[in-house]
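Spelled out, the chains give:
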Amino acid sequence: MKTQLKLGLIAGSILTSFASLVPLTTYAVTKNSTVTVTVNPTITLDSATNASLTADSTKVVTTTFNAKVTTNKGYTISLHAPTSTALTATGTSDTIPASATPTAGTNGWGVKKKTSATADATSYTAITTSAVPFYTATTGTAAAGATTTFTVGVAIAPTLTAGSYSTTLTVTAANS
């Protein structure tokens, strides 16, 4: 029995020594996961103000109107008159036609395109019944939006019938 006990102790010692030589290994499998978020373009035309002025036959009179846009992408502001490009008055057949060259002493009106967020083109553009880009921004706006100011120029002939002349101007903001 002593021999068996000795052999058992020797065998146990050998197994214990052998086990300490075998590394304890943990097996793991790793995979990566991708999270994708799509942010769609958004745009709002927060406001478009009215323009009003008193004309003078001796000079081109100017006024402004504003369009406030909020967007997360580049955008274009386009203008057009949906029905009539001429400024008309009730009760008269006289009109102030859209013109790229309003000139003192003649009837005509136009809007200046923007060359940047704060600068106007040197000449006017006649409003048409189709949308025409008047300002393009290559980036989105701040969260508070961006206000673009457009200059309107009006000239009249001294013989134009007195009255209040107007037309509807449609302002469209679209992502580019």
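Conventions and cut-offs
- Residues numbered from 1 in each chain as written.
- Predicted model: local features only at pLDDT ≥ 70, side-chain atom pairs only at ≥ 80, totals over all residues.
- Heavy atoms only, no water.
- Salt bridge = Lys/Arg side-chain N within 4 Å of Asp/Glu carboxyl O.
- Buried < 20%, exposed > 50% of the residue type's maximum accessible area, 1.4 Å probe, protein only.
- Pairing = 2+ DSSP bridges.
- Helix = DSSP H or I, 4+ residues; strand = E, 2+ residues; numbered from the N terminus.
- Axes fitted to C-alpha atoms, helices over the stretch in contact; angles between N-to-C directions.
- Patch = residues over 30% accessible without salt bridge, like charges linked within 9 Å, V, L, I, M, F, W, Y side chains within 5 Å.
- Areas by Shrake-Rupley, 256 points an atom, 1.4 Å probe, with all protein chains shown as cover.

Give a detailed account of the pattern of salt bridges, specifying residues and quantitative values.
One pass over the full model with this rule turns up one salt bridge. Lys 114 serves as the salt-bridge partner of Asp 120, at 2.8 Å between the closest nitrogen and oxygen. By relative accessible area, which is 29% here, Asp 120 ends up partly exposed. What makes Lys 114 buried here is its relative accessible area of 12%.

Summarise the sheet that holds strand β8 (residues 132-137); cite the residues concerned and give the values.
Strands pair in a sheet through their backbones, by hydrogen bonds, and they do so in one of two ways: parallel or antiparallel. Reading across the sheet, the three strands line up as β8-β3-β10 and stay open at both edges, with antiparallel pairing between neighbours. Because the sheet does not close on itself, it has two edges, and the strands there are β8 and β10 (170-175). Looking at each pair of strands side by side, their axes are set apart by 20° on average, direction ignored. Strand direction decides the pairing type here: strand β3 (residues 75-80) and β8, joined by five bridges, are antiparallel.

Please give an account of a nonpolar patch on the surface that cites residues and values.
A cluster of nonpolar side chains, namely Val 35, Val 37 and Val 39, defines an oily patch on the protein surface of about 360 Å² accessible area. Within the secondary structure, Val 37 sits in the loop between α1 (2-21) and β1 (43-48).

Before we move on, can you summarise the pairing of strand β6 (residues 108-114) with the specific residues and values?
Among the seven residues that make up β6, six are buried, leaving the element largely enclosed by the rest of the structure. Two strands pair when backbone bridges link them, and β6 and strand β9 (residues 146-155) are joined in this way by four bridges, in the antiparallel orientation. Bridging across to β9, Val 111 finds its partner in Val 152. One ladder, built from three bridges, connects β6 with strand β7 (residues 120-125); its direction is antiparallel. Bridging across to β7, Lys 114 finds its partner in Asp 120. Where β6 folds back onto β7 in an antiparallel hairpin, the turn is made up of five residues.

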